[in-house]
Amino acid sequence: MALPFFSSTSNIPDTSAVPRHIAIIMDGNGRWAKQRFMPRVMGHQRGVESVREVIKACTDMGVEYLTLFAFSSENWRRPADEVSFLMKLFLMVLEKEVSRMHQNNIRLRIIGDKSRFDDNLNRHIADAEQLTANNSGLKLTVAANYGGRWDIMQAMHALSLAHPERATAFGEEELTPYLSMHYAPEPDLFIRTGGEQRISNFLLWQLAYTELYFTDILWPAFGRAALEAAIQSYQHRERRFGRTSEQLKGTGDA
Ligand code: FPP
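Residues numbered from 1 in each chain as written. Predicted model: local features only at pLDDT ≥ 70, side-chain atom pairs only at ≥ 80, totals over all residues. Heavy atoms only, no water.

**Description of the pattern of salt bridges**
Turning to step 1, where the next piece is worked out: What the rule picks out here adds up to 13 salt bridges.
Turning to step 2, where the next piece is worked out: Among the ionic pairs, Asp27 bridges to Arg192, the shortest N-O distance being 3.0 Å. A residue pair is termed long-range when its members are at least 10 positions apart, and Asp27 in the loop between β1 (21–25) and α1 (29–35) and Arg192 in strand β5 (residues 189–192) qualify at 165 residues.
Turning to step 3, where the next piece is worked out: Note that Arg100 is salt-bridged to Glu97, the shortest N-O span being 3.3 Å. With Arg100 and Glu97 both in helix α3 (residues 80–103) and three residues apart, the pair spans about one turn of that helix.
Turning to step 4, where the next piece is worked out: The partly exposed category is assigned to Arg100, whose relative accessible area is 41%.
Turning to step 5, where the next piece is worked out: For Glu97, a relative accessible area of 9% translates into the label buried.
Turning to step 6, where the next piece is worked out: Each of Asp27, Arg31 and Arg192 takes part in a single network of salt bridges with overlapping partners. (Salt bridge = Lys/Arg side-chain N within 4 Å of Asp/Glu carboxyl O. Helix = DSSP H or I, 4+ residues; strand = E, 2+ residues; numbered from the N terminus. Buried < 20%, exposed > 50% of the residue type's maximum accessible area, 1.4 Å probe, protein only.)

This is the structure:
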């Protein structure tokens, strides 16, 4: 299988002022609601508006790939009524927003273990992906029932099924085509809202050389200005990919 993009550990990828790929953990919905004496789920509902604003801002700024962590494989541990609300919200977003995404030339993909979703939700996911499959604008990925470790394991399983004659000795670059995000370059910028500073089993493989940005802003309060601040911080980073600062600047010993 051909690799569409460089792997940051085997080649040095091209970088640009505007990140090509932004990955976001949208955290803080529950706390946002609690601060306003509302039920937690109202925070998730308000979070959809931030999703809309960030999609629009990314489109305007020329970001090519936006990946949003909507529901982790560990979020099933939440109270049953909150999980059920999130599933309904996800379905509602697909029903209400997909035609607008299509009009805006957005390509939507859902990654994660879809086997736990009901048939209706899976049908809506398949229809949305099919409808937007030929769109050339922003490549939007929603990670749902996704876990980075699950992804690496399912890719390893698929790779060994494709080459049953080789039990071991697979190269890193052979696994990449089987990962859920094989179609995208590795994220340039990772953002986590809500004050926590961890990766929470998001894109473990792909974040190897991603610039990490954490903000205390709760997801429902995160909008265009906050995204611009994150990108500004990114623009001040020196992306060395293992090299020295002198090598990058072409000074001193290479
Ligand atoms: C984390 O906040 C947020 C989630 C688990 C759900 C995120 C879902 C949305 C923003 C809406 C759906 C979006 C799409 C793209 C379909 P939290 O509940 O952990 O907040 P807390 O840390 O304050 O409790």
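**So, the site of the ligand**
Turning to step 1, where the next piece is worked out: In the vicinity of the ligand, 16 residues are found, and the nearest of them are Asp27, Gly30, Arg31, Arg40 and Arg78.
Turning to step 2, where the next piece is worked out: Asp27 places a side-chain nitrogen or oxygen 2.9 Å from an oxygen atom of the ligand.
Turning to step 3, where the next piece is worked out: Gly28 is positioned such that a nitrogen or oxygen atom in its backbone is 3.3 Å from an oxygen atom of the ligand.
Turning to step 4, where the next piece is worked out: In isolation the ligand has 630 Å² of accessible area, and contact with the protein removes 91% of it.
Turning to step 5, where the next piece is worked out: Mapped onto the shell around the ligand, the elements with two or more residues apiece are α1, α2 (40–61) and α3.
Turning to step 6, where the next piece is worked out: Partitioning the shell around the ligand into residue classes produces seven nonpolar, five polar and four charged. (Near = heavy atom within 4 Å. Polar contact = N/O pair within 3.5 Å; in protein donor to acceptor, adjacent residues only side chain to side chain. Areas by Shrake-Rupley, 256 points an atom, 1.4 Å probe, with all protein chains shown as cover. Nonpolar A, V, L, I, M, F, W, Y, C, P; charged D, E, K, R; others polar.)

**Digging into the pairing of strand β4 (residues 139–146)**
Turning to step 1, where the next piece is worked out: Counted residue by residue, β4 has seven buried out of eight residues, so it is predominantly covered.
Turning to step 2, where the next piece is worked out: The pairing of strand β2 (residues 65–72) with β4 spans seven bridges and is parallel. Paired with Ser72 across the two strands is Tyr146, which belongs to β4.
Turning to step 3, where the next piece is worked out: Sheet topology note: the strand β3 (residues 107–111)/β4 ladder contains five bridges and is parallel. Bridging across to β4, Arg107 finds its partner in Lys139.
Turning to step 4, where the next piece is worked out: Considered for its hand, the β-α-β crossover made up of β3, helix α4 (residues 119–131) and β4 is left-handed. (Pairing = 2+ DSSP bridges. Right-handed = clockwise from strand over helix to strand, strands pointing away.)

**Quick word on the packing of α2 against α3**
Turning to step 1, where the next piece is worked out: Remark: α2 packs on α3, axes separated minimally by 11 Å, with the N-to-C direction vectors making an angle of 25 degrees. Taken together, the axes of α2 and α3 lie roughly parallel to each other. When the axes of α2 and α3 are compared, the crossing they make is right-handed. Note on element contacts: α3 touches α2 through Glu82, Phe85, Leu86, Leu89, Val93, Glu97, Arg100 and Met101, opposite Arg40, Val41, His44, Gln45, Val48, Arg52 and Ile55. (Axes fitted to C-alpha atoms, helices over the stretch in contact; angles between N-to-C directions. Parallel < 35°, antiparallel > 145°, perpendicular 65-115°, else oblique. Left-handed = near helix turned anticlockwise from the far one by under 90°. Contact = heavy atoms within 4.5 Å.)

**Overview of the environment of Gly194**
Turning to step 1, where the next piece is worked out: Relative to the helices and strands, Gly194 is located in the loop between β5 and β6 (211–214).
Turning to step 2, where the next piece is worked out: In sequence terms Gly194 and Leu218 are 24 residues apart; their C-alpha atoms lie 4.4 Å from each other.
Turning to step 3, where the next piece is worked out: Leave out the neighbours within four places in its chain, and Gly194 touches Asp27, Gly28, Arg31, Thr215, Asp216, Ile217 and Leu218.

**Describing the sheet that holds β2**
Turning to step 1, where the next piece is worked out: Sheet architecture is open: six strands sit in the order β3-β4-β2-β1-β5-β6, paired in parallel fashion. Each edge of the sheet is formed by a strand with only one pairing partner; in this case those strands are β3 and β6. Taken over all neighbouring pairs, the strand axes of this sheet differ in orientation by 20 degrees on average, direction set aside.
Turning to step 2, where the next piece is worked out: With respect to the sheet, α2 is in contact with β1, β2 and β4, its orientation differing from that of β2 by roughly 160 degrees.

**Remarks on helix α7 (residues 224–235)**
Turning to step 1, where the next piece is worked out: For α7, which comprises 12 residues, the first-to-last C-alpha distance of 16 Å matches the rise-based estimate of 16 Å (1.5 Å per residue) to within 8%.
Turning to step 2, where the next piece is worked out: Every buried residue belonging to α7 is among Ala226, Leu227, Ala230, Ile231 and Tyr234, and all of these are buried. The arc that holds every buried residue of α7, seen down its axis, measures 140 degrees, which confines them to one face.
Turning to step 3, where the next piece is worked out: Buried residues along α7 sit against β1, α2, β5 and β6. (Expected span 1.5 Å × (residues − 1). Arc of directions from axis to C-beta.)

**Thoughts on the nonpolar core**
Turning to step 1, where the next piece is worked out: Of all hydrophobic cores here, the largest spans 42 residues; its most connected members are Ile22, Ile24, Leu66, Leu108, Ile191 and Leu227.
Turning to step 2, where the next piece is worked out: When neighbours within four sequence positions are excluded, Leu108 is seen to be in contact with Leu94, Val98, Met101, Ala128, Glu129, Thr132, Leu140 and Val142.
Turning to step 3, where the next piece is worked out: Counting 14 residues, the second-largest nonpolar core is a separate cluster that includes Ile25, Tyr65, Ala143 and Tyr183. (Core = buried A, V, L, I, M, F, W, Y, C linked by side-chain atoms within 4.5 Å.)

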